[in-house]
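Below, each chain spelled out in residue letters.
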Amino acid sequence: MRMIDLIEKKQHKEALTEEEIKWMIENYTSDTIPDYQMSAMAMAIYFNGMDQTERSAMTMAMVESGDQIDLSAIEGIKVDKHSTGGVGDTTTLVLAPLVASVGVPVAKMSGRGLGHTGGTIDKLEAVPGFHVELSQEEFIDLVNKNKVAVVGQSGNLTPADKKIYALRDVTGTVESIPLIASSIMSKKIAAGADAIVLDVKIGAGAFMKNEEQARELAETMVSIGQSVGRQTMAVISDMSQPLGNAIGNSLEIKEAIDTLKGEGPKDLTELCLVLGSQMAYLGGVGSTLEEARERLEENLKNGKALETFKTFIASQGGDASVADNPDEVMEQAKYEQDIKAQESGVVSEIGADQIGIAAMMLGAGRETKDSVLDMTAGLYLHKKVGDKVEAGETLVTAYSNKEISESIKEKVLNNIRISEHAEEPTLIYTIIK
Ligand code: URA
Ligand code: CA
């Protein structure tokens, strides 16, 4: 086989065979195919797409390019969740213990954040003592015992995806639905999930800027999952404004605790119940999504979800009393500043991406891979889109261990629009199953 022939085939809108895709991914991973040929292929795929057989073959070839995590020693159906990136997206912190509390094993391999979106592991490390360095054996034992554990990414998972993603990043080929879908699905499958729930975000804080694109991405990922024997469902949800009220590591831990007590922000709670019912249902709880949701709602009310959170935190070395006294257990910011509305009206826009960048500048996120996080830093939104506000009322409180600059305050104010009228945005656009 020659790469040039495959490139020309794709250039002429012909489908590649499974064998050709496997050959291409194997030889690109082993550096036998050079970057310039793979770049040309990525561009041909960008323009001419891939059919379902090609997308599934691409996904599985990337899965097979590296290690695959074997979770077969965990009893039950292992359900994983993936979100396509967001600002202040506290869902994993809530979902892991919530779904575990109804008996579905959550064996979560998670990452750190870069740029304006936070990583789940960073957030968890805001709890003193909590660590994610677990051996494979400890990880499996904890999931069998508590139904939930979170471990840092380890091993050589999907090296083909790492190489191709880095290449796409510099060749203008990131925004290709078959490439995004196979990239995301390969990582979830290699991490050992039996079933997968996807949260595809739309809006300023997200990859997909409109509903049509988001739907196509979600449907593509669901069909890849089904075709390779992993039950998959997806939700398309709003990321035009940040989710919940808190953005920042310890602020989001506190928000997750409130939500697990049944006292969380409305949008965060609803999205967690929608995603959680899909996870629970795929994990075998309830005979419908509605029944699965009822079980989750019960555990938010009767304290079981919070109890599971405490057990989970304590089992990984964390101080579980954080659930009762978050402000005493977690470090508090040296500086705190209220940012006030300059006019009266209704909040009509909170630009998720720019607000996320402001939180990062306060210290909540990493500007480069080596940045050191300030766990106390972040923003708390007192108002969300659709809320009334009076001039002089606090819109946002900023927290940081370093002095809060005028330019950050300005950035926050410049990205919150106040108008005469505005409505609360739609939170859940579509459910794809
Ligand atoms: N996230 C991924 O993991 N892969 C992509 O290709 C795009 C977003
Ligand atoms: Ca949040």
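Q: Before we move on, could you go through the overall build of the protein chain and cite the residues and values that matter?
A: The secondary structure content of the protein chain amounts to 17 helices and 13 strands. Rg of the C-alpha trace for the protein chain: 22 Å, near the compact-globule value of 22 Å for 433 residues, within the 12% margin. For the protein chain, the C-alpha atoms occupy an extent of roughly 70 × 45 × 40 Å along the three principal directions. For the protein chain, the residues scored as buried account for 57% of the 433 residues in total. When the accessible area of the protein chain is evaluated, it comes to approximately 18000 Å², of which 46% is carbon and sulfur surface. The average position of the 42 basic charges and that of the 67 acidic charges among the side chains of the protein chain differ by 1 Å.

Q: An account of the coordination of the calcium ion (ligand 2) is needed here, citing residue identities and associated values.
A: Protein coordination at the calcium ion (ligand 2) comes from G88 (O), T90 (OG1), L243 (O), A246 (O) and E255 (OE), with a distance range of 2.3 to 2.6 Å. Positions of the donor residues of the calcium ion (ligand 2) along the chain correspond to the pattern G-x1-T-x152-L-x2-A-x8-E. Of this pair, T90 sits in the loop between β1 (79-83) and α5 (91-101) while E255 is found in helix α11 (residues 249-260), placing the two residues 165 residues apart along the sequence. Residue T90 is classed as buried on the basis of its relative accessible area, which comes to 1%. By relative accessible area, which is 4% here, E255 ends up buried.

Q: Which residues make up the site of ligand 1, and what values do they have?
A: Contacts to ligand 1 come from Y165, R168, I180, S183, I184, K187 and F207. One of the side-chain N or O atoms of S183 is found 2.6 Å from a nitrogen atom in ligand 1. Within the side chain of K187, one N or O atom sits 2.5 Å away from an oxygen atom of ligand 1. Protein contact buries 90% of the 230 Å² of open area that ligand 1 shows by itself. Here the shell around ligand 1 takes four residues from helix α9 (residues 177-190), the largest share from any one element.

Q: Would you mind going over the nonpolar core in detail, with residue names and values included?
A: Within the largest apolar cluster, 81 residues are counted, with the highest numbers of intra-cluster contacts made by I253 and L379. Considering each element in turn, this core owes the most residues, nine residues, to helix α12 (residues 266-282). Look past the residues within four positions of I253 in its chain and what remains in contact with it is L93, K123, L124, A126, V127, V322 and M330. By size, the runner-up hydrophobic cluster in this structure holds 38 residues, among which are L134, I140, I196 and A234.

Q: Got a sec to walk through a nonpolar patch on the surface? Specific residues and values, please.
A: Among the surface-exposed residues, M43, Y46 and F47 lie close enough to one another that they form a single nonpolar patch of about 310 Å² accessible area. Topologically, M43 is positioned in helix α3 (residues 35-48). Residue classification places M43 among the partly exposed positions, given a relative accessible area of 30%.

Q: Give me the packing of α3 against helix α8 (residues 159-169): which residues, what numbers.
A: For the pair α3 and α8, interaxial distance at closest approach is 10 Å and the crossing angle is 75°. In this view, α3 runs roughly perpendicular relative to α8, as classed from their interaxial angle. Two secondary-structure elements touch here, α3 through D35, M38 and S39 and α8 through K163, I164 and L167.

Q: Go over the pairing of strand β2 (residues 106-110), please, and point to the residues and values.
A: Most of β2 is tucked away, with five of its five residues classed as buried. Burial along β2 is two-sided: the residues V106, K108 and S110 and A107 and M109 are all buried. Across five bridges, the pairing between β2 and strand β3 (residues 148-152) is parallel. In the sheet register, V106 faces β3, and the bridge partner there is V148.

Q: Requested: an account of the pattern of salt bridges, with residues and values cited.
A: Charged atoms that come close allow side chains of opposite charge to pair. Enumeration according to the criterion identifies 24 salt bridges in this entry. K10 is paired through a salt bridge with E54; the nearest N and O atoms lie 3.0 Å apart. Within this pair, whereas K10 is found in helix α1 (residues 3-11), its partner E54 is found in helix α4 (residues 52-63), the two being separated by 44 residues in sequence. When its relative accessible area of 2% is taken as the criterion, K10 is described as buried. For K383, the salt bridge identified is with E393, shortest N-O distance 2.9 Å. Taken together, the residues K383 in the loop between β9 (378-381) and β10 (388-389) and E393 in the loop between β10 and β11 (394-400) connect sequence positions 10 residues apart.

Conventions and cut-offs
Residues numbered from 1 in each chain as written. Chains lettered and ligands numbered in written order. Predicted model: local features only at pLDDT ≥ 70, side-chain atom pairs only at ≥ 80, totals over all residues. Heavy atoms only, no water. Helix = DSSP H or I, 4+ residues; strand = E, 2+ residues; numbered from the N terminus. Rg over C-alpha atoms; globule rule 2.2 N^0.38 Å. Buried < 20%, exposed > 50% of the residue type's maximum accessible area, 1.4 Å probe, protein only. Areas by Shrake-Rupley, 256 points an atom, 1.4 Å probe, with all protein chains shown as cover. Lys, Arg positive; Asp, Glu negative; His and termini not counted. Charge placed at Lys NZ, Arg CZ, Asp CG, Glu CD. Donors = N, O, S within 2.8 Å, 3.2 Å for Na, K, Ca; no water. Near = heavy atom within 4 Å. Polar contact = N/O pair within 3.5 Å; in protein donor to acceptor, adjacent residues only side chain to side chain. Core = buried A, V, L, I, M, F, W, Y, C linked by side-chain atoms within 4.5 Å. Contact = heavy atoms within 4.5 Å. Patch = residues over 30% accessible without salt bridge, like charges linked within 9 Å, V, L, I, M, F, W, Y side chains within 5 Å. Salt bridge = Lys/Arg side-chain N within 4 Å of Asp/Glu carboxyl O. Axes fitted to C-alpha atoms, helices over the stretch in contact; angles between N-to-C directions. Parallel < 35°, antiparallel > 145°, perpendicular 65-115°, else oblique. Pairing = 2+ DSSP bridges.

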